[in-house]
Amino acid sequence: MSELTCAEFVELVTAYLERSLPAEVEARFVEHLTACEGCERYLDQFRDTIRRLGTLPPESLSAPVREQLLAAFLEWPGDAGDATKRDPGQGL
Ligand SMILES: [Zn+2]
């Protein structure tokens, strides 16, 4: 099973605090949190900042990035066989 990287963790912090993570992703998030001291501290600081500001930092994460990440988590490949090449620039 794939583990969250620290970079992915950081990207998901806002969504986690907004409780907008799908349960499966949140489970991975919490798993990383318990295993990684650096990220635990990061989350603490993040919470502290929110407490002081009374809200989430506005520029913390752009929605498209978050959505891409969530999509990636939810589509975690069971079999990475012949991947059809998709160009992200093409859109729909
Ligand atoms: Zn970490």
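Residues numbered from 1 in each chain as written. Predicted model: local features only at pLDDT ≥ 70, side-chain atom pairs only at ≥ 80, totals over all residues. Heavy atoms only, no water.

Q: Quick one: what's the story with the pattern of salt bridges, residue by residue and with numbers?
A: Per the stated rule, a full pass over the model turns up 4 salt bridges. Among the ionic pairs, Arg28 bridges to Glu24, the shortest N-O distance being 3.6 Å. One end of the pair, Arg28, and the other, Glu24, are both in helix α2 (residues 23-35), 4 residues apart, so they sit about a helical turn from each other. You can call Arg28 buried: its relative accessible area is 11%. When its relative accessible area of 45% is taken as the criterion, Glu24 is described as partly exposed. With a shortest N-O distance of 2.9 Å, Arg41 and Glu37 are connected by a salt bridge. Of the two residues, Arg41 and Glu37 are both situated in helix α3 (residues 37-53); the distance of 4 residues between them amounts to about one turn of the helix. Taking relative accessible area as the criterion, Glu37 reaches 56% and is therefore assigned exposed. (Salt bridge = Lys/Arg side-chain N within 4 Å of Asp/Glu carboxyl O. Helix = DSSP H or I, 4+ residues; strand = E, 2+ residues; numbered from the N terminus. Buried < 20%, exposed > 50% of the residue type's maximum accessible area, 1.4 Å probe, protein only.)

Q: Break down the nonpolar core for me, citing the residues and quoting the values.
A: Phe9, Leu12, Val13, Leu21, Phe29 and Leu43 are the most contacted members of the largest nonpolar core, which has 17 residues in total. Elements supplying a minimum of two residues to this core: α1 (6-17), α2, α3 and α4 (63-74). Here this core takes 5 residues from α1, the largest share from any one element. (Core = buried A, V, L, I, M, F, W, Y, C linked by side-chain atoms within 4.5 Å.)

Q: An account of the packing of α1 against α3 is requested, with residue identities and associated values reported.
A: At their nearest, the axes of α1 and α3 sit 11 Å apart, and the two run at 35° to each other. Two packed elements cross with a definite hand, and for α1 against α3 that hand is right-handed. Two secondary-structure elements touch here, α1 through Cys6, Phe9, Val10, Val13, Thr14, Tyr16 and Leu17 and α3 through Cys39, Tyr42, Leu43, Phe46, Arg47 and Ile50. Of the residues assigned to the contact of α1 with α3, the class counts are 11 nonpolar, 1 polar and 1 charged. (Axes fitted to C-alpha atoms, helices over the stretch in contact; angles between N-to-C directions. Left-handed = near helix turned anticlockwise from the far one by under 90°. Contact = heavy atoms within 4.5 Å. Nonpolar A, V, L, I, M, F, W, Y, C, P; charged D, E, K, R; others polar.)

Q: So what's going on with unusual backbone geometry? Which residues, and what values?
A: Even without a glycine there, the phi angle at Arg19 is positive, about 60°. You can see Arg19 is positioned in the loop between α1 and α2. Given the relative accessible area of 70%, Arg19 is considered exposed.

Q: Break down the packing of aromatic side chains for me, with residues and values.
A: Enumeration over the complete set of coordinates arrives at 3 aromatic pairs. When the centroid spacing of 4.3 Å and the interplanar angle of 20° are considered together, the rings of Tyr16 and Phe29 count as stacked. With Tyr16 in helix α1 and Phe29 in helix α2, this pair connects stretches of sequence that are 13 residues apart. Tyr16 gets classed as buried once you look at its relative accessible area, which sits at 17%. With a centroid separation of 5.8 Å and an interplanar angle of 40°, the aromatic rings of Tyr42 and Phe46 are classed as tilted. Residue Tyr42 and its partner Phe46 are located together in helix α3, separated by 4 residues, close to a single helical turn. Under the relative-accessibility criterion, Phe46 is labelled buried at 10%. (Phe/Tyr/Trp six-rings, centres within 6.5 Å; stacked < 30°, edge-to-face > 60°.)

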